[in-house]
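Coordinates in review
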Amino acid sequence: MPGHEIVRQLVMAFDINALRVKPGTSVDLSTIDPDSTPQWSDKQSGDVSNKEAGKARVLELNERLESLQELLYAEGKHRILVVIQAMDAGGKDGTIKHVFEGVNPSGVKVAAFKAPTSNERAHDYLWRIHQHVPANGQLTIFNRSHYEDVLVVRVMDLVEKDRWKKRYDHIVNFEQMLVDEGTTIIKFFLHISKEEQGQRLQERLDRPEKNWKFDSGDLVHRERWGDYQKAFEAAIERTSTEDSPWYVIPANRKWYRNIAISEVIVQTLESLQMEFPPAPDDIAAMTIAN
Ligand code: ATP
Ligand code: MG
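Residues numbered from 1 in each chain as written. Chains lettered and ligands numbered in written order. Predicted model: local features only at pLDDT ≥ 70, side-chain atom pairs only at ≥ 80, totals over all residues. Heavy atoms only, no water.

A few words now on the layout of surface pockets. In this model, the second largest pocket occupies a volume close to 170 Å³. Lining the second largest pocket are 13 residues, and of these Ala18, Leu19, Val21, Ile32 and Val248 sit closest to its centre. Residues belonging to the lining of the second largest pocket are distributed by class as follows: eight nonpolar, three polar and two charged. (1 Å grid on protein atoms, 1.4 Å probe; cavity = no way out; pocket = protein on both sides within 12 Å on 5 of 7 lines; lining within 4 Å. Points joined across faces, edges and corners; volume = space filled by probe spheres on them. Nonpolar A, V, L, I, M, F, W, Y, C, P; charged D, E, K, R; others polar.)

If you want it as structure tokens, here you go:
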């Protein structure tokens with residue numbers, strides 16, 4: 001079957017709700033296979049033609065995203081916040097690079113959150129986050145986010161439990177406020193296996209052009225893999241709401257990860273039914289003099 005026909009057959013079927021964490025459901029990451037390709041082709045995920053068709057689909061979705069983002073910018077009504085969380089080497093940078101390739105940089109921003117500076121630590125943990133939320137017509141991607149304050153902070157005991165355990169409710173309320181004020185929030189957890197992380201970290205050691213990405217600190221977090229999985233489960237479970245949902249994306253296969261994330265973003269933007277602003281009344285009568 002030619003590639004485009006495979007694409008057409010698979011396109012119609014992608015139900016993003018299958019990846020969405022319904023509010024109030026419990027999350028057990030060990031039951032979600034990071035190698036799987038749900039809603040794409042569960043049966044033949046190792047198939048080369050499937051991977052090729054997948055890459056073609058990402059390009060199609062990318063064009064659609066470019067148009068939707070232009071519409072978002074032109075209409076200037078909605079604010080879109082995309083949150084990406086993952087273990088180290090989980091593919092956050094690669095996702096941003098591939099999914100948002102070619103979008104107009106005027107309307108798209110990436111905010112990356114590292115360990116807080118002393119000035120940031122002198123404020124509440126949402127202070128630095130709030131400054132980066134999108135304005136009207138903008139799409140902002142959070143590469144890490146306020147969720148670090150219930151992930152690394154919880155696992156590495158950076159603040160006492162009495163403090164971080166209240167943060168789930170703060171986060172739900174903070175995000176609900178953003179939604180009520182006109183922001184659409186989409187949150188992704190890129191779910192990779194410990195083995196896949198091992199291979200990706202090894203590549204950072206082996207390939208000179210990737211050496212700069214190697215951080216020996218990642219190994220400390222890797223040793224606490226199980227605790228991190230539990231912390232992610234708690235965060236996702238307690239903060240996936242109707243208005244601010246989490247999507248768990250099996251992410252060992254980068255091409256599938258890119259399809260799934262593009263599908264969620266494109267379908268969410270389409271559901272907003274945006275429109276270009278109306279032309280000024282007198283435009284029809286105008287011509288441009290040479
Ligand atoms: P890569 O995956 O390519 O390594 P990265 O997102 O890990 O990219 P780094 O600069 O390597 O970027 O790491 C950022 C570090 O900052 C992470 O270890 C993360 O846990 C830490 N960090 C982020 N937010 C907080 C926070 N609120 N408190 C403590 N540490 C944080
Ligand atoms: Mg890192």
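Read on, since the account is not over.
Tracing the backbone through its elements, the reader meets Ser193 in the loop between β4 (183-191) and α9 (194-206). Only 3.1 Å separates the side chain of Ser193 from the backbone nitrogen of Glu196, close enough to count as a polar contact. In contact with Ser193, not counting residues within four places along its chain, are Pro34, Trp225 and Asn252. (Helix = DSSP H or I, 4+ residues; strand = E, 2+ residues; numbered from the N terminus. Polar contact = N/O pair within 3.5 Å; in protein donor to acceptor, adjacent residues only side chain to side chain. Contact = heavy atoms within 4.5 Å.)

Looking now at the pairing of β4. As a general feature of sheets, a regular strand has side chains that alternate between the two faces. For β4, the tally of buried residues reaches nine of nine residues, placing the bulk of the element in the interior. On β4, burial covers both faces: Thr183, Ile185, Lys187, Phe189 and His191 on one face and Thr184, Ile186, Phe188 and Leu190 on the other are all buried. As paired elements, strand β1 (residues 79-86) and β4 share eight bridges and run parallel to each other. The partner of Gln85 across the bridge, within β4, is Phe189. Two strands pair when backbone bridges link them, and β4 and strand β5 (residues 246-250) are joined in this way by five bridges, in the parallel orientation. Residue Phe188 lies in a different strand from β5, and its bridge partner there is Tyr247. (Buried < 20%, exposed > 50% of the residue type's maximum accessible area, 1.4 Å probe, protein only. Pairing = 2+ DSSP bridges.)

What follows covers the nonpolar core. Core analysis: the biggest nonpolar cluster contains 77 residues, and Val82, Phe188 and Ile265 have the highest contact counts within it. Per element, the largest residue contribution to this core is nine residues, and it comes from helix α12 (residues 254-271). Setting aside chain neighbours within four positions, we find Val82 in contact with Leu139, Thr140, Ile141, Phe142, Ile186, Phe188 and Ile265. (Core = buried A, V, L, I, M, F, W, Y, C linked by side-chain atoms within 4.5 Å.)

Right, let's talk about unusual backbone geometry for a bit. Although it is not a glycine, Ala89 adopts a positive phi angle of roughly 65°. Its location among the elements puts Ala89 in the loop between β1 and α3 (92-99). The class of Ala89 is buried, set by a relative accessible area of 9%. Positive phi, close to 50°, is recorded for Gln273, a residue that is not glycine. Take Gln273: it is sitting in the segment after α12.

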